[in-house]
Amino acid sequence: MFWDTVGYIFIVVGVVFDLLGCVGLVRLPDVYNRLQAATKCVTLGTAFLLFGVFFIYGFSALGIKALLCALFVLISSPTGAHALARGSHKGGVKLWEGSVIDLYAEDSENK
Amino acid sequence: MKAIGEFIILFALWLLLTWSLAPAQVIAGAIVSALTVGLVGDIFLFKVGRAFNPVRIFWMLVYIPYLIWYIVLANLDVAYRVIHPDLPIRPGIVKIKTSLTTDMAKTFLANSITLTPGTLTVDIKGDELYVHWIYVRGKDVKEWTEHIAGRFEPILRRIFE
C-alpha cells in the first residue's frame, strides 16, 4: 500500500515534467533550446513514470523491465539529442538571434 | 577474456529483462548473447575487467544518486525558464576542456552534461567539448569548464580512468 502511494506520486511528478517539457518545446525559440526542453524535462518525466511503475510492481517481470527501460532512456536520450544538435549545426541551422555566443561555428570556420 | 566479460554482462541483462529461469529462455538468452558478442563485441569500448572492479562499482553507485540530484535541479531550472512569462534565456554555444582521457569517460561526461542544468553537448573534438548552454555565465573556457564539468570530472575519473 505504501509503495503504491510512492509509485503514484512518482507517476504524477513524471507527467508534470513531461507536460512542462512539451510547453518548453512550443515556447522556446530554436532547435537547440527546444532540445534542451526535450532532453531534460521529458527524459526525467519518462524516467519518473517508469520508476513509479517499478515502485508499484516491485521486483517482478514488469517492475524490472520498467527499471531497465528507465536506464536505457537515460542513456539513449542525451545521445540522441547530441546527434540531433550536431546534425542541425552541420546542416546549417542558425542559432536564435538572441544567442550570445557560438564558438562552435567560429572554430569550424577557422579550421 | 574480453568476450567472456561481455557475455556475462549481456546474459545478466537478458535474465533481468525476461525475469524467468525457464530452460527455453535461458538457452535463447545464451545463444543471443553469444551471437551479439561474436558479431559486434569488437566495438565495445570499455575495458571489461574494470566493470567487475569493486572500487569502480562503488564510485558508480555514488555517481548515480549524485547525477539524479543534479538532473532534478536541472529540470526545475528549465521548467522555471519555460513557464516564466519573459522566457529568461541567454543561449549560446561555449567550449570546455576536459582532462578525462578515455572514450568511455568522455561519453559519460557528455551525457551527464546533456542531462544537467541547461546544457547540451553538441560535439567532441579531442579533449574539447562544445556545449549549448541555455543561460551562458562566465567569460572564458576556464570558467565555463568549472561551471559545467567541474562537478562530474573527479568522480568520473575514479570510475573510468
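Residues numbered from 1 in each chain as written. Chains lettered and ligands numbered in written order. Predicted model: local features only at pLDDT ≥ 70, side-chain atom pairs only at ≥ 80, totals over all residues. Heavy atoms only, no water.

Glancing now at the overall build of chain B. Counting its regular elements, chain B contains six helices and three strands. For chain B, whose C-alpha radius of gyration is 20 Å, the value lies well above the compact-globule estimate of 15 Å for 161 residues. Taking the principal axes of its C-alpha atoms as reference, chain B extends roughly 60 × 35 × 30 Å. For chain B, the residues scored as buried account for 40% of the 161 residues in total. Contacts spanning at least 24 positions in sequence make up 68% of the contacts within chain B whose residues lie at least 6 apart. (Helix = DSSP H or I, 4+ residues; strand = E, 2+ residues; numbered from the N terminus. Rg over C-alpha atoms; globule rule 2.2 N^0.38 Å. Buried < 20%, exposed > 50% of the residue type's maximum accessible area, 1.4 Å probe, protein only. Contact = heavy atoms within 4.5 Å.)

Helix and strand counts for chain A stand at four helices and one strand. Secondary structure elements in chain A, listed N-terminal to C-terminal, are α-α-α-β-α. Going through the 111 residues of chain A one by one, you find that 38% of them count as buried. Long-range contacts, defined here as pairs at least 24 residues apart, represent 59% of the contacts in chain A between residues at least 6 apart. For chain A, the exposed surface amounts to about 5800 Å²; the carbon and sulfur share of it is 73%. (Areas by Shrake-Rupley, 256 points an atom, 1.4 Å probe, with all protein chains shown as cover.)

The next thing to look at is helix H5 (residues 141-148) of chain B. Residues and elements named next belong to chain B. Of the residues making up H5, those classed as buried are Trp144, Thr145 and Ile148. For H5, the angular spread of buried residues about the axis comes to 100°, placing them on one side. Residues Lys142 and Glu146 are exposed on H5 and point more than 90 degrees away from its buried face. (Arc of directions from axis to C-beta.)

Tracing the backbone through its elements, the reader meets Asp123(B) in strand E2 (residues 119-125). Among the polar contacts made by the side chain of Asp123(B), one reaches the side chain of Arg86(A) at a distance of 3.0 Å. (Polar contact = N/O pair within 3.5 Å; in protein donor to acceptor, adjacent residues only side chain to side chain.)

On to the interface of chain A and chain B. In many analyses, interface size is given as the accessible surface area lost on bringing the parts together. Contact residues are listed per partner, giving 47 residues for chain A and 40 residues for chain B. Here chain A meets chain B over a buried area of about 3800 Å², counting both sides, of which 71% is carbon and sulfur. Counting every contact that joins chain A to chain B gives one salt bridge. Counting across the chain A and chain B interface gives twelve residue pairs in polar contact (both at pLDDT 80 or more). Those elements that provide at least two residues to the side of chain A that touches chain B are helix H1 (2-27), helix H2 (31-57), helix H3 (61-90), strand E1 (101-102) and helix H4 (103-110) of chain A. (Buried area = accessible area lost by both parts, 1.4 Å probe. Salt bridge = Lys/Arg side-chain N within 4 Å of Asp/Glu carboxyl O.)

Before going further, it helps to spend a moment on the packing of aromatic side chains. Residue and element names in this part refer to chain B. In the structure shown here, the tally under the stated rule is twelve aromatic pairs over all chains. On the basis of an interplanar angle of 75° and a centroid distance of 6.2 Å, the ring pair of Tyr63 and Phe152 is categorised as edge-to-face. Pair noted here: Tyr63 is in helix H3 (residues 54-83) and Phe152 is in the loop between H5 and helix H6 (153-160), with a separation of 89 residues, a long-range link. One exposure class covers both Tyr63 and Phe152, and it is buried. With centroids separated by 6.2 Å and ring planes inclined at 80°, the aromatic side chains of Tyr70 and Phe152 adopt a geometry described as edge-to-face. (Phe/Tyr/Trp six-rings, centres within 6.5 Å; stacked < 30°, edge-to-face > 60°.)

Residues and elements named next belong to chain B. The grouping of Ile27, Ile31, Leu35, Leu39, Val40 and Ile43 at the surface amounts to a nonpolar patch, some 640 Å² of accessible area in total. With respect to the element layout, Ile31 can be found in helix H2 (residues 23-40). Given the relative accessible area of 49%, Ile31 is considered partly exposed. (Patch = residues over 30% accessible without salt bridge, like charges linked within 9 Å, V, L, I, M, F, W, Y side chains within 5 Å.)

Residues and elements named next belong to chain B. Counted according to the given criterion, the structure contains four salt bridges over all chains. The residue Glu128 makes a salt bridge to Lys95 at a minimum N-O spacing of 3.9 Å. Remark: Lys95 occurs in strand E1 (residues 92-97) and Glu128 occurs in strand E3 (residues 128-133); sequence separation between them is 33 residues. By sharing partners, the salt bridges in this structure join Lys95, Lys97 and Glu128 into a single network.

What is shown is where atoms sit, not what they do.
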